[in-house]
Amino acid sequence: MKEKNEIWITGLGIISSIGKNLSECEDSLKEMKSGIKPIKKLNTIHKNDYVAGEVELSNSELSNESDIKKQLPRTALLALKAAKEAMESAVFKEKGKARVGIILGTTVGGMDKTEELYKRKGNPGEYIPMHHCGFTTSYLAKYFDINDYVNTISTACSSSANAIMLGARLIKNGILDAVLAGGSDALSSFTLNGFRSLMILDPEPCKPFSAERRGLNLGEGAGFVFLESKKTAQNRNAKGFCKVSGYANTNDAFHQTASSPDGRGAYKAMYEALISAELDPDKIDYINIHGTGTDNNDLTESIAIIRLFKEGIPDLSSTKAYTGHCLGAAGSIEAIFSVLSITNGALYPNLRFTNPIPETGLIPVMEYKEKKIRHVLSNSFGFGGCDTSLIFSAIE
Amino acid sequence: MNAYIKSTGAITPQPTFDESFPWKENMPANLRMNAIEPEYKNYIPPVKLRRMSRVVKMGLCAAIACLKKADLEQPDAIITTTGWGCLADTFRFLDEIVEKNEQTLSPATFIQSTHNTVGGQIALLLGCQEYNSVYVNSNSSFEHGLLDSILLLNEGKENVLLGGIDEFNETDFNLKKQAGYWKNEDDDLQILPNSKTTGTISGEGSAFFLLTDKEDSSIYAKIDGVKIFSGDPDQKLQNIFQENNICADDIQLVISGINGDSLKNNQYVGFYNRMLPSACKCCYKHLCGEHDSASAFALWLAEAVLRTQVLPEYLSWDQRIYDQKQINRILIHHYNTPDEHAFILVSKTNI
């Protein structure tokens, strides 16, 4: 039998409101420290009305960390910080011999620069190259000298989950040997006001999957994984954190923002991801749920989970109670948390859970727990009905 | 690798939607080339139409027309590509934030500003729950969509609906004007490839393709290769020749992304003279204006030329009429400063 072309994760890098690198995030997850706090940096009149998961470092601190002189959009600065950590952790020195790509998922791109321009502070000459989503990717590609494949995805809140899925597919199909895949999104007045207009922001720290949930908190950050084929990794004696064993991208095709009452897109994404991983539902040890804290998402995601897993519901939690909803970066940040669950044998809790949703009764993990975890399912669902599920598995 | 163009649908500054090729061309009268929009209500239910922004209508309608021509209700996958996304709603929401001082903003505007609005709306209208992705990688977004389409067909999907969409927007136009993106109003806009002035003209459009893994008698075009890269174009062209077992003389036509910017012209001309001396040279940005997904319009033209074997004078690089020799292979190329290129190699099918 032909050996399956396994996709390994050999590098991880992250920055979020719970830490400016992997080990800080790991500590916060374990110590149950949330990053949701009153808004400090974002320029908005709603500063005192909402909380958010802001990254502690300012733009100038982020620039200094990476020794960047140019005024970059915050999305690019966050991406650079996380991507550098992922590249350093992968210690990939085979660039000349291997075909390497980079894929970024983002929703706002350089919107902060466009907002500055609107407030008559910016220069249109800067707006043009920086506003569009491809700017950050192209900047990173030049920074790391990656040029075999450079691409950017924007499928709302599933953007970076799709970046990881595409990276895995490109390697599986033999088009690339390695891919730096992830996502980045900075908080912006645009998104805060957008989600506010939709009336789905909880002014208090969010309570995902709880009966008393009142909406989501926005967050910001970036997360990158370095993907390579098992063969490439083994040839250079690289350590694999885990493998990407399954993925599926589906569409709910119900409403531009609301999910269908039975979460049919979510169900299909989870179901097809299991098929792609050749796993039965009972093999999943933990689900890192999308769990935004909105009425609609949490109810329909619960319904889809129950329909798929029936009596054997795995442990599950939403880590958005730690980080807020990082939009285009959410999928990759939660992918990294999923990897940590496997490598550390840890279940990171669903902070601030109160009571189960009456219709579904699911109770997420409420305290930090340790157990052997082999397979994790990570959900990322977004506007436009874009649903993606990824499965990460321990390397045996 | 088998990827065939089964059908197309395009709403562009040319009569691509309603008339058959070769249509009578519209040449640029000023710095903006706007799409000729059809009667949308013939394609999209009027109730839904009222809430849609222009870019969504253009995208959705071209997509539906494309599927209709292929007599297909639902594709196996939907891929939309755009450089700048839903500009009108993005700027409208930014305006509202300032004008209303962050109070009582319209959720519909925000919702429709996201880059996956068109892709989501297509899925919604068709009830299509399959793979749905959106590429937003500047002016190689469409080529990336094409690469993923080929990958999906390789993985077993039977067909993929792929589109490139970008809309003209006044605010964006004016910002880019300040930054020197466009020519002056009094420059000669007709002679794009031979232009002596810097800058280009702005445009927009939506072009969709139904790509399939199987050939049939209604199909005229096959995608032979896609390359997106930075660096030396000569070497990459050689690679694409080798992969297809062809040489430079096997390419009868180049459809060039030259956009009349005199600073870029020499790069294009030098490359073609070096590598493709015998091919006919065509360009298209004087027909659709510059926009990030303009290569979708180029692929539309390539399919039309392969199907009709007509090469109208207005496509020609130097406005001369080429001998009507058989056109079997077309290279679509665009170049972006400082050194980014994209190739799409398209060939005529045999059936």
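To be clear, the structure that these remarks concern was listed above.
Keep in mind that what you see is a predicted model, and the values were worked out from it rather than measured.

J.: I'm lost on the overall build of chain B in this one. Help?
T.: Counting secondary structure elements, chain B contains 11 helices and 10 strands. Taken over the C-alpha trace, chain B has a radius of gyration of 20 Å; the compact-globule value for 351 residues is 20 Å, and the two agree within 12%. By sequence separation, contacts in chain B at least 24 residues apart represent 76% of the contacts at least 6 residues apart. Surface summary for chain B: the accessible area is close to 12700 Å², and the carbon and sulfur share equals 45%. Charged side chains in chain B number 31 positive and 45 negative. The centres of these two groups are separated by 3 Å.

J.: What am I meant to see in the sheet that holds strand β2 (residues 37-38) of chain A here?
T.: The strands making up a sheet associate through hydrogen bonds between their backbones, and the pairing can be parallel or antiparallel. Residues and elements named next belong to chain A. The mixed open sheet is built from 3 strands, whose spatial order is β2-β3-β7. Two strands bound the open sheet, and with one partner strand each, they are β2 and β7 (218-219). As paired elements, strand β3 (residues 51-53) and β7 share 2 bridges and run parallel to each other. Directly across from A52, in β7, lies its bridge partner L218.

J.: Would you mind showing me how to read the interface of chain B and chain A here?
T.: Interface size, as often reported, equals the accessible area lost upon joining of the parts. Between chain B and chain A, the residue contacts involve 55 residues of the former and 59 residues of the latter. Across the chain B/chain A interface, buried area totals approximately 4700 Å², and carbon plus sulfur atoms make up 59% of it. Contact with chain A buries surface across chain B, with E102, F110 and Q129 of chain B losing the most and accounting together for 15% of the total. With a shortest N-O distance of 3.8 Å, K142 of chain A and E340 of chain B are connected by a salt bridge. There are 21 residue pairs in polar contact (both at pLDDT 80 or more) connecting chain B and chain A. Per-element accounting of the side of chain B that touches chain A gives the leading share, 7 residues, to helix α3 (residues 87-99) of chain B. Within the side of chain B that touches chain A, the residues separate by chemical class into 23 nonpolar, 24 polar and 8 charged.

J.: I tried to follow helix α7 (residues 159-172) of chain A on my own but got confused; where do I start?
T.: The periodicity of an α-helix, 3.6 residues per turn, causes residues three or four positions apart to be oriented the same way. Residue and element names in this part refer to chain A. Taking 1.5 Å per residue as the helical rise, α7 with its 14 residues ought to reach 20 Å, and the 20 Å between its terminal C-alpha atoms agrees with that figure. Most of α7 is tucked away: 13 of the 14 residues are buried. At the C-terminal side of α7, G174 shows a positive phi close to 75 degrees.

J.: Before we go on, may I ask you to explain the side chain of T10 of chain A in this structure?
T.: Residues and elements named next belong to chain A. Locating T10 in the fold gives a position in strand β1 (residues 7-16). Within the local environment of T10, its side chain forms a polar contact with the side chain of E228, the two groups lying 2.4 Å apart. Excluding residues that lie within four positions of it along the chain, T10 makes contacts with S89, A90, F226, E228, A233, R236, A238, K239, G240 and F241.

Basis of the calculations
- Residue numbers here run from 1 along each chain, matching the order of that chain's written sequence.
- Chains carry letters and ligands carry numbers; both start at the beginning, A for chains and 1 for ligands, and go up in the order they are written.
- Per-residue local features are limited, in this predicted model, to residues with pLDDT of at least 70; the limit for side-chain atom pairs, both in listing and counting, is 80 or more; totals at the level of whole chains, interfaces and linings are taken over all residues.
- Note that water and hydrogens are dropped before the side-chain values are worked out from all heavy atoms of the structure.
- The secondary structure listing takes helices from DSSP runs of H or I that are at least 4 residues long and strands from runs of E that are at least 2 residues long, numbered from the N terminus.
- Atoms counted for the radius of gyration: C-alpha only. Globule rule: 2.2 Å times the number of residues to the power 0.38.
- When checking whether two residues touch, look at their non-hydrogen atoms; a contact exists if any pair is within 4.5 Å.
- Surface exposure here means Shrake-Rupley accessible area, sampled with a 1.4 Å probe, where a residue is shielded only by the protein chains that are shown.
- Neither His nor the chain termini are counted; the positive set is Lys and Arg, and the negative set is Asp and Glu.
- By convention, the point assigned to a charge is CZ for Arg, NZ for Lys, CD for Glu and CG for Asp.
- Strand pairing is defined by DSSP finding a minimum of two bridges between the two strands.
- A quick way to say it: buried area is the sum, across both parts, of accessible area lost when two parts are put together, with a 1.4 Å probe.
- The term salt bridge refers to a side-chain nitrogen of Lys or Arg lying within 4 Å of a carboxyl oxygen of Asp or Glu.
- Polar contacts here mean pairs of N or O atoms no more than 3.5 Å apart (in protein, one a potential hydrogen donor and the other a potential acceptor; neighbouring residues in sequence count only if both atoms are side-chain atoms).
- When residue character is reported, Ala, Val, Leu, Ile, Met, Phe, Trp, Tyr, Cys and Pro are called nonpolar, Asp, Glu, Lys and Arg charged, and the others, Gly included, polar.
- To estimate how far a helix should extend, the number of its residues minus one is multiplied by 1.5 Å.
- Using a 1.4 Å probe on the protein chains alone, a residue whose accessible area is under 20% of its type maximum counts as buried, one over 50% counts as exposed, and one in between counts as partly exposed.

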